[in-house]
Amino acid sequence: MTQPEHAASNADAQVTRGEARGRWSHVPSVPLPGPGRVTAELLIAIVGASAVSLLLQFVVGRAPNLVPDTYVPNAALSLIGAGLIVCLVGGLAVRCVTTAPWWVKFAGATGGFATLATLTLALPLLSTRYYLGGTSGDNEFRLRYMERMASGWGLADFNYEGLPPFYPAGWFWLGGRFANLFDLQGWEAYKPFSITTIAVVAAVTFVLWRFVVRRRMAVLASLATLLMGLHVPGVGEPYAWPTTAWLLPVLVLTWNALRSPRTPRWPLVLTGIYLGVCAMTYTLHLAFGAMLVVLLAVVAGVLRVRTGTSRGEVVRSLVGRVAVVAVLSAVLMLVVWAPYLFGGGLGAENVAARYLPATSAYFPTPFKPNGPIGLLCLAGLAWAVVRVRAHRVALVVLMTAGAVYLWFVLSTLALAFDTTLLAFRFNVTLKVTLAVAGVFAATDLLNWGLGRWHEWRTQITAVVAVVAIGLGVGVLQDSLRGPMQEGFEPALSDYYPNGRTPESRHHIPSEEEDEGIWSGKLLAAVDELGTGTPERETVLSEQHHMLVFRPFWLFHDHRPHYTNPLSRHDERAEEIDSWAESNNPQELYQRMHDGPFIPPTMVVLKKGEDGNYFYTVKYDTFPRKTAALGRKVTFEPSLFDSPRFEKRDVGPYVVIAVR
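It should be emphasised that the depicted structure is a prediction, and the values quoted were computed from it without experimental measurement.

Chemist: Break down the packing of aromatic side chains for me, with residues and values.
Modeler: Across all of its chains, the model carries 42 aromatic pairs by this definition. Between W171 and Y190, the ring centres sit 5.7 Å apart and the planes meet at 85°, which makes this aromatic pair edge-to-face. Residue W171 is located in helix α6 (residues 170-181), and its partner Y190 is located in helix α7 (residues 186-210); the two are separated by 19 residues in the primary sequence. Given the relative accessible area of 6%, W171 is considered buried.

Chemist: Got a sec to walk through helix α5 (residues 139-150)? Specific residues and values, please.
Modeler: The end-to-end C-alpha distance of α5, which contains twelve residues, comes to 16 Å, matching closely the 16 Å that a straight helix rising 1.5 Å per residue would cover. With twelve of its twelve residues buried, α5 lies for the most part within the structure. Here α5 has its buried residues at N139, E140, F141, R142, L143, R144, Y145, M146, E147, R148, M149 and A150. Next to the buried residues of α5 lie α6, α7 and β2 (553-554).

Chemist: So what's going on with the pattern of salt bridges? Which residues, and what values?
Modeler: Any two side chains of opposite charge can pair, so long as their charged atoms come close to each other. Using the criterion set out here, one finds 20 salt bridges in the structure. Across the pair R144 and E140 runs a salt bridge whose closest N-O atoms are separated by 2.7 Å. A residue pair is termed a helical-turn pair when its members lie 3 or 4 positions apart in one helix, as R144 and E140 do in helix α5 at four residues. Look at R144 and you get buried, because its relative accessible area is 5%. Of the charged contacts, one joins E528 and R648 as a salt bridge, the two residues approaching to 3.1 Å between their closest N and O atoms. Highlighted residues: E528 in helix α20 (residues 519-529) and R648 in strand β6 (residues 645-650), separated in sequence by 120 residues. Accessibility expressed as a relative area gives 27% for R648, which makes it partly exposed. Look at the salt bridges and you will find they share partners, linking D138, R142, E237, R425 and R559 into a network.

Chemist: Can you break down the pairing of β6 residue by residue, with the values?
Modeler: Taken residue by residue, a regular strand's side chains alternate between the two faces of the sheet. Taken together, the six bridges between β6 and strand β7 (residues 653-658) define a ladder with antiparallel strand orientation. Counted as the bridge partner of E646 is A657 from β7.

Chemist: Give a description of unusual backbone geometry that names residues and reports values.
Modeler: Of note, the bond from V232 into P233 is cis; its omega dihedral lies within 30 degrees of zero at -5°. When you line up the elements, P233 lands in the loop between α8 (215-231) and α9 (241-245). In this model, F622 is joined to P623 through a cis peptide bond whose omega is 5°. With respect to the helices, strands and loops of the structure, P623 is situated in the loop between β4 (613-620) and β5 (628-635).

Chemist: Describe the side chain of R144, and please don't skip the residues or the numbers.
Modeler: Within the local environment of R144, its side chain forms a polar contact with the side chain of E140, the two groups lying 2.7 Å apart. Beyond its immediate stretch of four places on either side in the chain, R144 contacts F158, N159, L547, V548, L554, D557 and H558.

Chemist: How would you sum up the nonpolar core? Please name residues and give values.
Modeler: One broad rule of soluble globular proteins: the nonpolar side chains tend to lie buried together. Membership of the largest hydrophobic core comes to 175 residues, with the highest contact counts inside it found for Y131, W209, F288, F440 and V655. At 16 residues, α7 tops the list of elements feeding residues into this core. With sequence-adjacent residues up to four places away left out, W209 is seen in contact with A218, A221, S222, T225, L248, P249, V393, V436 and F440. Of all hydrophobic cores here, the second largest spans 23 residues; its members include F555, F597, Y615 and F645.

Chemist: Break down the packing of helix α4 (residues 102-122) against α8 for me, citing the residues and quoting the values.
Modeler: Relative to each other, α4 and α8 sit at 10°, their axes nearing to 11 Å. Considering their axes alone, α4 and α8 lie roughly parallel with respect to each other. Across from K105, F113, L116, A117 and T120 in α4, the residues of α8 making contact are R215, V219, S222, L223, L226 and L230. Residue composition of the contact of α4 with α8, by class: seven nonpolar, two polar and two charged.

Each value, and the rule that gives it
- Residues numbered from 1 in each chain as written.
- Predicted model: local features only at pLDDT ≥ 70, side-chain atom pairs only at ≥ 80, totals over all residues.
- Heavy atoms only, no water.
- Phe/Tyr/Trp six-rings, centres within 6.5 Å; stacked < 30°, edge-to-face > 60°.
- Helix = DSSP H or I, 4+ residues; strand = E, 2+ residues; numbered from the N terminus.
- Buried < 20%, exposed > 50% of the residue type's maximum accessible area, 1.4 Å probe, protein only.
- Expected span 1.5 Å × (residues − 1).
- Contact = heavy atoms within 4.5 Å.
- Salt bridge = Lys/Arg side-chain N within 4 Å of Asp/Glu carboxyl O.
- Pairing = 2+ DSSP bridges.
- Polar contact = N/O pair within 3.5 Å; in protein donor to acceptor, adjacent residues only side chain to side chain.
- Core = buried A, V, L, I, M, F, W, Y, C linked by side-chain atoms within 4.5 Å.
- Axes fitted to C-alpha atoms, helices over the stretch in contact; angles between N-to-C directions.
- Parallel < 35°, antiparallel > 145°, perpendicular 65-115°, else oblique.
- Nonpolar A, V, L, I, M, F, W, Y, C, P; charged D, E, K, R; others polar.

Here it is, written out as structure tokens:
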């Protein structure tokens, strides 16, 4: 039985008497399934997409081991990707597909999205065991976090022994269980778990949109979300992509539940779970999503008061509904945040927010008409403005885009307090939002054309379908040649722990500048001189690359923006300074073990040109363009001439075991 418009989950306006029938976005209201069916569909999509992705990754992994400098995987992906896009878009108009049982269409859509997401990443990365970004840049932190979570079941900081985690551990904890299940190290599990995550996100995105609009629009909106995630690429941060991809459909469900007191409350449980997932995986998205829920509640309250409902009744109703979201998300948040908050983290200085790249200094303008994506985003923005009073998706799109710009304003104002809100992190959110709105704009235009020239219905539909397929294939291929290529290059060239790259060619250390070539020998020296158990080693080292392959504890994190606020980063740097000022080995050993921190069991220092050893202490330079600078702390080699220290030279490094 179809529910009335005010109680349905459909984001579309009602069809007026003179409008053409059979429209894609102007359709009768879609009944919202019950909570049982919603839960079942989401679980089936998650399990099914995971199985499809893992199977495809297994098949791709059995393909010939091609060297990285070939376009064979890209050619295969172009063919397969184009075929999948043709099936997803073309299937919307094929009678045998549209009349198939619901479970066939459900399996086809979720399986198709999982397949497209998996192959788009697995094929270009066929020759490497690394995910996008390899071991470079921010991936160093991600791989180390995964390595930490794979080494034990508890929540722990990825750097410092005994500290609760500051960065949300939800996704990495699941990744650790994935690694344990398949008997992999954390760094080895990062690629397959990331690809599986992207596949699951694509399938769940379709299910969420299906609760909001008709199946055909859900397919198009989900396809636009996935392609934009690849193009930006939002999939480069696999733990942040889920809450970006799911934001719009969840907000539309939230708006439906807030707009009328007669709508069921249970969709707000889904909103609370969504915000809880944000808290467990990417805290910025929690703050942003919570802000939008409050803004939607305010707008809903104003509209209800304007229709004659008393202010008191409106406030009571909305406060009760928003409270459902707040309580549930807070409970889920505490699952990963309780150790940090109750461990002294409340009120600690957040150095991670003290970062101002160029992308945070300027307002994002993805709607510049300088290409297909820009035109699509421009169309989406114009459509949201024009349709905001009649179309619920348009209202949510406009409020989400406005919230992104509000976040940029607030982030700039926060500079007065010597911090930021990391506004650049929402560039992906804005691009995905406007691109999806562009799809709604295109379908509205199609409907208008069909209503005006209905005798050309078949031809118009065919032209639009061909253009949509061509645009989808074009965006997919441009992603491989453009933004994603920046992630492919390090994944195909970074060193493995054995000192070799995915090319498997012979490397001569004296001719290589990349520190990764020494990782294998350094790890072998640590294993030989140390305890033999990585979880029992506390290491002082600025050799970044080797740290991603073992769950070592660190004495001092060389990246201040990723260090735990409870770690007392500056005090640790002062401790290192005091060690270097020691007069003899006995004094050095005493200072190491009398300090306020767990002393290192292994020290890896670089050799200076004058025969000294040194460690580079990195420090925050906010708001300078360069986020962090370093200063050298020099050690006299004679400080380690004692049975308390055992040394081993490894190329430009010296490995020292502290007994």
